[in-house]
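Reading the structure
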Amino acid sequence: MSNVSIDLSPVVNRLDNVAQLAEHVSKQVEAVSHQHQDTRNALERLIADFQSFVAADTLAKEIQRAETRVITVRQELDKKYGHHDIVRRRTTGILQATDVALVRQETMQVAGEQIMLDAPRYWLAPAMVALTAWIRDDAALTRRAVTEAMRRDDYKTTLFMALVCRRFGRHGAVDQWLNRYFQQQNPFALDREVMTLLDAMANGVFGAGASGHCASVLKQWLAAQAQQPVFATEQRQRWIQAMIALTPAGDFTAYPTLTRHAGNWRALDSSLAAARLNQVLAQHFARIIDQEVVLPERLVDAVDDILQSLVTNFDDDELVLRREERSLQLVIEKAGDVAAARASAVNEQRAFDEKISFAQLLTNAAMFPAQVNATIATQKFALGMSREWVTSAYGDVVAQTRAAVPAGVPFEVHNWKATSAYGEDEKALISAFDGEMKKRLADLLAVIKDSPKALIIASLVGAAGFFIYKPLALIAAVIGLYAWWTNHSANETRRKAIQKQHAQQVAEGKKIIVALCAECVDFKRRLASEDAKSAEVTAILGRISPEAALFLRADSGRAML
Amino acid sequence: MARPIIGLTPVQSTAHGLQPTQRSLVDKRRALELLRVKRSNRYLEAMSRLDAGAHLADRAGIEGLIQVFIQEFPELGRGHAPLGIAARCLLGPPYEVHICDFAGTILEHFPRGRPMPAIFERARSLALHPGYACVEVYSDHLVAIGLDGQVAIIESRSDV
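Values in this document were obtained by computation on a predicted structure and should not be read as measured data. (Residues numbered from 1 in each chain as written. Chains lettered and ligands numbered in written order. Predicted model: local features only at pLDDT ≥ 70, side-chain atom pairs only at ≥ 80, totals over all residues. Heavy atoms only, no water.)

Okay, the overall build of chain A next. Summing up its helical and strand segments, chain A has 21 helices and two strands in all. Relative to a compact globule of 561 residues, whose C-alpha radius of gyration would be 24 Å, chain A shows 45 Å and is clearly more extended. Principal axes of the C-alpha set define a box for chain A whose edges measure 155 × 95 × 40 Å. Expressed as a percentage of its 561 residues, the buried residues of chain A come to 41%. Considering only intrachain contacts with a sequence separation of at least 6, the fraction spanning at least 24 residues in chain A is 80%. When the accessible surface of chain A is split by element, carbon and sulfur atoms take 57% of a total near 30,500 Å². The centroid of the 65 positive side-chain charges in chain A is displaced by 6 Å from the centroid of its 65 negative side-chain charges. (Helix = DSSP H or I, 4+ residues; strand = E, 2+ residues; numbered from the N terminus. Rg over C-alpha atoms; globule rule 2.2 N^0.38 Å. Buried < 20%, exposed > 50% of the residue type's maximum accessible area, 1.4 Å probe, protein only. Contact = heavy atoms within 4.5 Å. Areas by Shrake-Rupley, 256 points an atom, 1.4 Å probe, with all protein chains shown as cover. Lys, Arg positive; Asp, Glu negative; His and termini not counted. Charge placed at Lys NZ, Arg CZ, Asp CG, Glu CD.)

Next comes the structure, spelled out in C-alpha cells:
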C-alpha cells in the first residue's frame, strides 16, 4: 500500500485568515456598537436637555404670566379697595399715636372723620371714628359710630373694641366686649383666634372681671354642646384617644425569654406599654395642676397681633381678589411651579379656614399644649372645664388596659406547648414537661429492638450442619453470636445517644421554662406596679378645680407695631 | 371541671326577655350613657352575694338579680339588662372566676385555665382585677363596676 500524504497547510492557513477576518469584523461591529451607544447617549442627553429647556421655558412663562397678572390684580385692588389701605394705615397710625400721645385729639378727630368719608362700606372707618371720639370723651358720637361699625361688621367691631379697650386698660369695657365676642362664636366651629383669646383670658390678660364673665359663657358653650345626644360619648372618646396617644413605646428588652418563647409576647408588650401610660399621665396631669402660672410675654404680643391683623388684614369684600393675588404670588415664589403653588394655596386656605369645636379645643389645650401653643393657665382651665370627661375617659382607658391583659402566657419548648399562669405554675409546668419528655423517650427507645434474625439463622445453619458436618455447627453458632452481638452493641450505642440527647433537651427545656416563669413573675409584678399607678392619676384628677384654673392678672399694653 | 352551684340545666329561652322586640325605646348610645351612672350600694351588695349562692338557689333567684338591675335603671328596663355578670370568685383555688348567665339562669365557677363561654371570657381579666366588684357583660361592650360603684365601659370589637 503506497503512502499518500495530503498537505492541509493551505486549508489551515485559510482558516487562520478567516478567523482573523472574523475577529476583525467582530472588532468593527463592537466599534459600531460603541458609536451607536455614544450616539444614543448623546441623543438622550439632547432629549433631556430639550425637556429641561421646555420645562424651564414653561416655568419661566408661568412666572411671567403670574407677574403680569399680579400687576393687573393689584391695580384692580387698588382701584376698588385702595381706600381700605388708607383706612388701615391711618388706624394703625392713630393707635401708635395714642400709645405715645404725640398727636393732638383734634388731629385724630379730623383723620377719623376723613376715613369715614373715604371708605363708605368699610367697618373699620366708623370703628376709627368711635375710637377717636372715645379718646376725647365724646360719648354720643362714640355710641353712634360704634353702632354704625357694628351694623357694617358686628363680629369684627366687637373683637376690635375688646382688644382696643384692653390696650387702654379699660377692663370694665373689655369685660362686656369680650363677653359679647364669645357669645357671637359658634361653639361647634370656633375661629382660629379664639385659642389665643382663651389663652389670654385664662392668664388674666383681660382682667379678672372679663375672665370670670367669659368663663360663664364658655360653660354655656359646653352646656349647649352637651345638649347633643352624642356629645358626651364623643367628648369622652376624644379624651380617650388623646390619652392613648401618649402611650409610651413598648420596651420588652428586659424579657428575652418571653420575647423568644412566648406566643403572645407582642400582646404582653402592648399591655405593659398601656399600663406605663399611667405614669405618663400622672406626670402630665400633675405638671398641669401643680405648675405655677407665669404670664408669658408672648401672650400679650399674640393678643396685640390679633388687633394688628384685624386692623391690617383685608376685608371680606376684597377676599376674591386678595386670594388671586396670593395664588399668583405663590406661583412666583415657587418659581413657576403651578401645581406646588396650588398645593400651598390650598394648605394656607385650610389653615385659615380651620375651625374646631370648643370641646376639641379644650382637649387639644390640655393634652397637646405644645401643638396648639396653650399656656399652662389654659391647660389648667381646659382640665377644669373637662374634669368630668377626663375622669370618666381615664376610667375607660384603665379598664381597657386591664381587659387587654392576656389571661396567660402560651409558649412552646421542644415542640411541647403549654400556657403558663404568669409563672405561678412553674412546678406544675416542669412536672408536665418532664412527664411528656419521659413519654417521648420511652416511645423513642421502644422502637429500638435487638434483632433475633442472626441468632435464628445461625441456629438453623448449625442444626443443619450438625447432621452434615459437625464443625459447621460450631462455625455457624460463632457467626450467629457475633452477628447478634454486633446488632446489640449498635442498638446500645443508639439508645445511649438518644438518652444523652434527651437529657440535654430536658435540661435545656427546664432551663427555658424556669427562665420564662421567672420573667413571667417579673412581668406580672411590673405590670401590677404600673397598673397601681392609676390610683395616683385618679387622685391627681381629683385635685382638678375649675375655679383655680382662672389665674387673674392685669397687664400693660404693648406698643403698637 | 366547673362546679355547678345552682344545678339548673341551662335553658335556651331568654329567661329575662332579651328578645329584640321587647327592647325598650332607648337607643344604644343613650343606654350606654345611662349605664355610666354610679351603681348603688344595694346593687353592689346584690352582686357580691353571687358567691354565697344562697339566694340564687333557683331561677327566681337570678330573676331577682335582674330585677335589681331594672330597679337600678328603670329607664332602660330589662331589654337592656346585661347577658350576665362575671366576677372574681372567692371560693378559693382552683376556682378564680364565676359567671352568672342571665339567659341561661345559671351560676358557674371556673378554675384557672378553663375558658368561660366566649361572650364572658373577654371579661375575665377585668373580673379578676381586684379593682372591680364585677363586670356586666353585654353583647358588644363590657361595663366594669368599681368597688365604689364607679363605672368604666369597654366597647368591644364586633368580632366577639
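For the rest of this paragraph, the subject is the pattern of salt bridges. Tallied over the full model, the rule gives 27 salt bridges over all chains. For the salt bridge of A:Lys510 with A:Asp434, the shortest nitrogen-to-oxygen distance reads 3.3 Å. Residue A:Lys510 is located in helix α20 (residues 470-542), and its partner A:Asp434 is located in helix α18 (residues 426-446); the two are separated by 76 residues in the primary sequence. What you see here is one network of salt bridges that share partners, running through A:Glu424, B:Glu96, B:Arg112, B:Glu121 and B:Arg124. (Salt bridge = Lys/Arg side-chain N within 4 Å of Asp/Glu carboxyl O.)

With that settled, consider the environment of A:Ala403. Along the polypeptide, A:Ala403 turns up in helix α17 (residues 387-403). The sequence separation of A:Ala403 and A:Ser271 amounts to 132 residues, and the corresponding C-alpha distance is 9.3 Å. Apart from residues lying up to four places away in sequence, A:Ala403 is in contact with B:Ser125 and B:Leu126.

Below, the discussion takes up the nonpolar core. Core analysis: the largest hydrophobic core is formed by 110 residues, its most contacted members being A:Phe182, A:Met243, A:Phe285 and A:Phe358. A total of 12 residues in this core trace back to one element, the largest contributor, which is helix α4 (residues 139-167) of chain A. Not counting chain neighbours up to four residues away, the residues in contact with A:Phe285 comprise A:Met243, A:Met367, A:Leu383, A:Val390, A:Val537, A:Ile540 and A:Leu541. Counting 28 residues, the second-largest nonpolar core is a separate cluster that includes B:Leu32, B:Val143, B:Val151 and B:Ile153. (Core = buried A, V, L, I, M, F, W, Y, C linked by side-chain atoms within 4.5 Å.)

All names here are of chain A. This structure, assessed with the given rule, holds nine aromatic pairs over all chains. Centre to centre, the rings of Tyr255 and Phe523 are 5.7 Å apart; their planes meet at 80°, and the pair counts as edge-to-face. On the criterion of sequence distance, the pair formed by Tyr255 in the loop between α8 (231-244) and α9 (256-261) and Phe523 in helix α20 is long-range, its members being 268 residues apart. When sorted by exposure, Tyr255 lands in the same class as Phe523, which is buried. Considering the side-chain rings of Tyr422 and Phe523, the 6.2 Å spacing of their centres and the 5° angle between planes classify their relative orientation as stacked. With Tyr422 in the loop between β2 (416-420) and α18 and Phe523 in helix α20, the pair connects residues that are 101 residues apart, well separated along the chain. Take Tyr422: its relative accessible area is 5%, and that puts it in the buried class. (Phe/Tyr/Trp six-rings, centres within 6.5 Å; stacked < 30°, edge-to-face > 60°.)

Before going further, it helps to examine the confidence of the model for chain B. Predicted coordinates in areas of low pLDDT are best not read in detail. Residue and element names in this part refer to chain B. Scored by pLDDT, chain B comes out at a mean of 75, with 74% of its residues at no less than 70. Here residues 1-24 is a poorly scored stretch, pLDDT under 50, and it has 58 contacts once near neighbours within four places are set aside; other chains count. Counting contacts from residues 53-57, a segment whose pLDDT is below 50, to residues more than four positions away or on other chains yields 11 contacts. Both scores are given for the predicted complex: the pTM is 0.70, the ipTM 0.79. (pLDDT = per-residue confidence, 0-100.)

Residue and element names in this part refer to chain B. Most of strand β7 (residues 151-155) sits inside the fold, with four of its five residues counted as buried. Summarising the sheet, strand β6 (residues 141-146) and β7 pair through five bridges and their orientation is antiparallel. Bridge pairing in β7 places Val143 opposite Ile153. Following β6, the chain reverses through four residues before pairing antiparallel with β7; Gly149 in that reversal takes a positive phi of roughly 90°. (Pairing = 2+ DSSP bridges.)

All names here are of chain B. Counted according to the given criterion, the structure contains zero disulfides over all chains. In this model Cys100 remains outside any disulfide bridge; the closest cysteine sulfur is found in Cys134, 10 Å from its own. Looking at Cys100, the relative accessible area reads 0%, which means it is buried. (Disulfide = S-S within 2.5 Å.)

Let's shift gears to helix α3 (residues 59-72) of chain B. What sets the pattern is the α-helix's 3.6 residues per turn: residues three or four places apart point alike. Residues and elements named next belong to chain B. For α3, spanning 14 residues, the distance from its first C-alpha to its last is 20 Å, which sits close to the expected 20 Å at 1.5 Å a residue. Listed as buried for α3 are Gly61, Ile62, Leu65, Ile66, Val68, Phe69, Ile70 and Glu72. Those residues of α3 that are buried lie in contact with α2 (41-48), β3 (95-101), β4 (106-111) and β5 (132-137). (Expected span 1.5 Å × (residues − 1).)

On to the side chain of A:Asn264, then. Residue and element names in this part refer to chain A. Mapped onto the fold, Asn264 is located in the loop between α9 and α10 (265-290). Given the relative accessible area of 14%, Asn264 is considered buried. Leaving out residues up to four positions away in the same chain, Asn264 has contacts with Pro406, Gly408, Val409 and Pro410.

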